[in-house]
Amino acid sequence: MSATLERSAPQSPIVPGTSNREFLTYDRADFLKNYSQRPFLIQHAFSDHPLFQLPRLMELARSLNEKHIEYNGGDLPVNQDPALTPRNGLSPEATIQRIEECQSWLVLKYVENDPEYRALLDSCLNQIRPLTEQLTPGMMKPHAFIFITSPGSVTPYHMDPEHNFLLQVRGSKTVHMFDGRDRSIVSERDLEQFYGTRSRHMILADENRDKKWVIHLESGKGLHFPVTYPHWVQNGLEVSVSFSITFRTPDLDQRRGVYSFNAGVRKYGMTPVPRGVCSIRDGFKYQTTRLYQKIQGLFKQADK
Ligand SMILES: [Fe+2]
């Protein structure tokens, strides 16, 4: 695997979208070749956008539901467990106000609940949908997140369950990304634990530390993260603001269902057949998990 990934700016024209304003630029062939398989760069036009200035982000933080804001100290080791990450002792607003010096990492979740950010998210997704539909049809559940990080902060090693493009608006960061298809990096057990427990905590094994792409992101660039490709992120020497646009597709529901089933099988001491070996078996596992979850839901409702 190549140790670095640096590419020139995409030269092809913007793919027509359905929104009034188009913020993304990407190389169509590059997109189709790499989407969902490996990281690739795109460009965006959010660098000076007023919705990403710190006073506006503080206003956004005030308006969001408290449970949709996660913030922590940012001086962390790569293998830090997110559930045990130390808080920074500040409010979200104060964290943003003092982000320059408070050594913190903050994420504003589901910012599409604000109509102005929703419009940006929709615009971006409208632009990429014609291509993603060819490869992973059924775009649904669009969500956007904003990451605000202090200079030098580290986001520990973890993986995410959605299709994701991270748009670097301000500052810079270096993303260390690992191939989620390589079972020496992400094992069947890792995937079962991820989908079965929803814990994001992962340990980067010493022998895997160098099996990675290293991608430098600066303002104006965006990066595609394939689903469950682990990564850790080193922030640059300035405050960083990133806009993450995400969505899901029906195949990801199937994937979650199969791995949740396998996690259950493993709990009883058996070794499940890995996902992807037999589509009929995978279909059965998915449908069984769905049925189990429906019954669980009914019990929960009855308990209310
Ligand atoms: Fe992530």
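Residues numbered from 1 in each chain as written. Predicted model: local features only at pLDDT ≥ 70, side-chain atom pairs only at ≥ 80, totals over all residues. Heavy atoms only, no water.

**Thoughts on the layout of surface pockets**
One water molecule sets the probe size; rolling that probe over the atoms shows where empty space is left. Heads up, the condition is: Using only the protein atoms, space was sampled on a 1 Å grid; points where a 1.4 Å probe fits but cannot get out form cavities, open sets with protein on both sides within 12 Å along at least five of seven lines form pockets, and lining residues are those with an atom within 4 Å of a point. Grid points are joined across faces, edges and corners, and a volume is the space filled by probe spheres set on the points. Numbering goes from the N terminus for both helices and strands, where a helix is a DSSP run of H or I of at least four residues and a strand is a run of E of at least two. Under the scheme applied, nonpolar residues are Ala, Val, Leu, Ile, Met, Phe, Trp, Tyr, Cys and Pro; charged residues are Asp, Glu, Lys and Arg; polar residues are all the others, including Gly. For the domains described, the bounds stem from an automatic or database domain assignment.
Estimated volume of the largest pocket: approximately 950 Å³. If you trace the largest pocket, you find 37 residues lining it, with Asp160, Pro161, Glu162, Arg200 and Arg248 closest to the centre. Tallying contributions element by element places strand S5 (residues 140-149) first for the lining of the largest pocket, with five residues. Looking at the lining of the largest pocket residue by residue, the classes come out as twelve nonpolar, twelve polar and 13 charged. Built from parts of two domains, the lining of the largest pocket gets at least three residues from each of domain 1 (24-250) and domain 2 (253-303). Volume-wise, the second largest pocket comes out at about 520 Å³. Lining the second largest pocket are 19 residues, with Gly196, Ser260, Ala263, Gly264 and Lys267 sitting closest to its centre.

**Quick notes on a nonpolar patch on the surface**
The cut-off we apply is this: Patch membership is restricted to residues that have no salt bridge and whose relative accessible area is over 30%. Joining uses 9 Å for like charges and 5 Å for the nonpolar side chains Val, Leu, Ile, Met, Phe, Trp and Tyr. Here the accessible surface of atoms and residues is derived via Shrake-Rupley with a 1.4 Å probe, and residues count as covered only by protein chains that are part of the display. Throughout this description, the term salt bridge denotes a Lys or Arg side-chain nitrogen within 4 Å of a carboxyl oxygen of Asp or Glu.
A cluster of nonpolar residues, Leu291, Ile295 and Phe299, forms a patch on the protein surface that exposes about 320 Å² of accessible area. Tracing the chain through its elements places phenylalanine 299 in helix H7 (residues 279-303).

**Things to note about helix H6 (residues 250-267)**
What counts is decided by this rule: Each helix should span, by expectation, one fewer than its residue count multiplied by 1.5 Å. Exposure categories follow from relative accessible area, calculated using a 1.4 Å probe and restricted to protein chains: below 20% of the type maximum is buried, above 50% is exposed, and the middle band is partly exposed. Any two residues whose heavy atoms approach within 4.5 Å at even a single point are treated as in contact.
Over its 18 residues, H6 extends 26 Å from the first C-alpha to the last, a length consistent with the 26 Å expected when each residue adds 1.5 Å. What H6 keeps buried is the set Leu252, Arg255, Arg256, Gly257, Val258, Tyr259, Ser260, Asn262, Ala263, Val265 and Arg266. Residues of H6 that are buried make contact with strand S7 (163-170), helix H5 (188-197), strand S12 (240-248) and H7. Trailing H6 by a residue or two, glycine 269 shows a phi angle of about 85 degrees, which is positive.

**Here's the deal with the pairing of strand S9 (residues 213-218)**
We count it as follows: Strands are labelled as partners when DSSP assigns at least two bridges between them.
Burial of S9 is one-sided: the residues Trp213, Ile215 and Leu217 facing one way are buried, the residues Val214, His216 and Glu218 facing the other way are not. Of the pairings in the sheet, the one linking strand S8 (residues 172-177) to S9 comprises six bridges and is antiparallel in character. Looking at the pairing, serine 172 lines up with glutamate 218 of S9.

**Some points on the coordination of the iron ion**
To be explicit about the condition: Coordinating N, O and S atoms are those within 2.8 Å of the metal (3.2 Å for Na, K and Ca), and as water is not part of the atoms, a site may appear to have fewer donors than expected.
At this site the iron ion is bound by His158 (NE2), Asp160 (OD) and His231 (NE2), with donor distances of 2.2 Å. A residue is classified by how much of its surface remains accessible, and aspartate 160, at 16% relative accessible area, is buried.

**As for the sheet that holds S8**
To keep things clear, this is the line we draw: Here an axis means a line fitted to C-alpha atoms, over the contact stretch when the element is a helix, while the angle between two N-to-C directions is reported on a 0 to 180 degree scale.
If you walk across this open sheet you meet the four strands as S6-S11-S8-S9, and the pairing is antiparallel. Looking at which strands have only one partner, the edges of the open sheet turn out to be strand S6 (154-158) and S9. Averaged over all pairs of adjacent strands, the angle between their axes in this sheet comes to 15 degrees, without regard to strand direction. Pairing of S6 with strand S11 (residues 231-235), which is carried by three bridges, proceeds in the antiparallel orientation. Bridged to threonine 155 within S11 is valine 233.

**Description of the side chain of asparagine 34**
As a reminder of what qualifies: N or O atoms within 3.5 Å of each other form a polar contact, as long as, within protein, one can give a hydrogen and the other can take it, and as long as residues adjacent in sequence are counted only when both atoms are side-chain atoms.
Position of asparagine 34 among the secondary structure elements: in helix H1 (residues 28-34). When its relative accessible area of 1% is taken as the criterion, asparagine 34 is described as buried. Within polar-contact distance, the side chain of asparagine 34 engages the side chain of aspartate 30 at 2.9 Å.

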